[in-house]
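Here are the chains, one letter per residue:
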Amino acid sequence: MSGLLQIAAILFASAAQQPGSQMKPLRLHVEQQGNATIIRVMGLASAPSSVPYDLQVTDGGNKSRQRGVARLQAGVPTTVATVRLVSSPRLSATLNVKPSANPEYDEKFGPRTP
């Protein structure tokens with residue numbers, strides 16, 4: 001699990017260093033492990049917060065969806081959701097996040113969907 005925390009710290013540190021960017025409390029992280037693709041929703045906030053999210057993963061005609069509210073503690077990297085699938089060139093994921101203090105945003109992985 002410490003490897004995941006390092007990944008989260010790197011993702012959020014790079015986002016925070018971008019000039020004019022808002023801190024995104026939830027990020028989409030995708031990695032390959034052998035023939036599997038692992039999709040994670042990682043969370044990190046500067047203050048305690050509740051952040052609604054909607055993760056949708058598709059692979060051709062198959063679809064998986066997880067919605068919820070991530071309850072984040074200040075400065076604590078958190079794995080909010082994990083989806084593990086057999087790797088496929090058609091695999092895509094969309095994370096929609098609706099933070100209360102900042103504008104809604106999407107993060108996407110994979111081929112474009114219509």
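Bear in mind that the values here come from a model prediction, so they are computed numbers and not experimental data.

Engineer: Explanation requested: the nonpolar core in the structure shown.
Structural biologist: In a soluble, globular protein the nonpolar side chains are often hidden away together inside. Counting 18 residues, the largest nonpolar core has Leu26, Ile39, Leu55, Val57 and Leu95 as the members making the most contacts within it. At the level of elements, β1 (26-33), β2 (36-43), β3 (49-59), β4 (62-72), β5 (78-86) and β6 (91-97) are the ones that each hand at least two residues to this core.

Engineer: For this particular structure, what's the right way to read the side chain of Thr58?
Structural biologist: Locating Thr58 in the fold gives a position in strand β3. The exposure class assigned to Thr58 is buried, which follows from its relative accessible area of 14%. There is a polar contact of 2.7 Å between the side chain of Thr58 and the side chain of Ser92. Each residue touching Thr58, except ones within four places of it in the same chain, is listed here: Lys63, Arg90, Leu91 and Ser92.

Engineer: Would you explain the pattern of salt bridges in this entry?
Structural biologist: Summed over all chains, the structure comprises five salt bridges. Note that Lys24 and Glu107 form a salt bridge whose closest N and O atoms lie 4.0 Å from each other. Note that Lys24 is positioned in the loop between α1 (2-17) and β1 and Glu107 in strand β7 (residues 105-109), a separation of 83 residues in sequence. Of the residues examined, Glu107 reaches a relative accessible area of 10% and is grouped as buried. Put simply, Arg27 and Glu107 hold a salt bridge, and the shortest N to O gap is 2.6 Å. In this pair, Arg27 is assigned in strand β1 and Glu107 in strand β7, connecting sequence segments 80 residues apart. Of the two residues, Arg27 and Glu107, neither departs from the other in class, the shared state being buried. Overlapping salt bridges bring together Lys24, Arg27 and Glu107 as one network.

Calculation notes
- Residues numbered from 1 in each chain as written.
- Predicted model: local features only at pLDDT ≥ 70, side-chain atom pairs only at ≥ 80, totals over all residues.
- Heavy atoms only, no water.
- Core = buried A, V, L, I, M, F, W, Y, C linked by side-chain atoms within 4.5 Å.
- Buried < 20%, exposed > 50% of the residue type's maximum accessible area, 1.4 Å probe, protein only.
- Helix = DSSP H or I, 4+ residues; strand = E, 2+ residues; numbered from the N terminus.
- Polar contact = N/O pair within 3.5 Å; in protein donor to acceptor, adjacent residues only side chain to side chain.
- Contact = heavy atoms within 4.5 Å.
- Salt bridge = Lys/Arg side-chain N within 4 Å of Asp/Glu carboxyl O.

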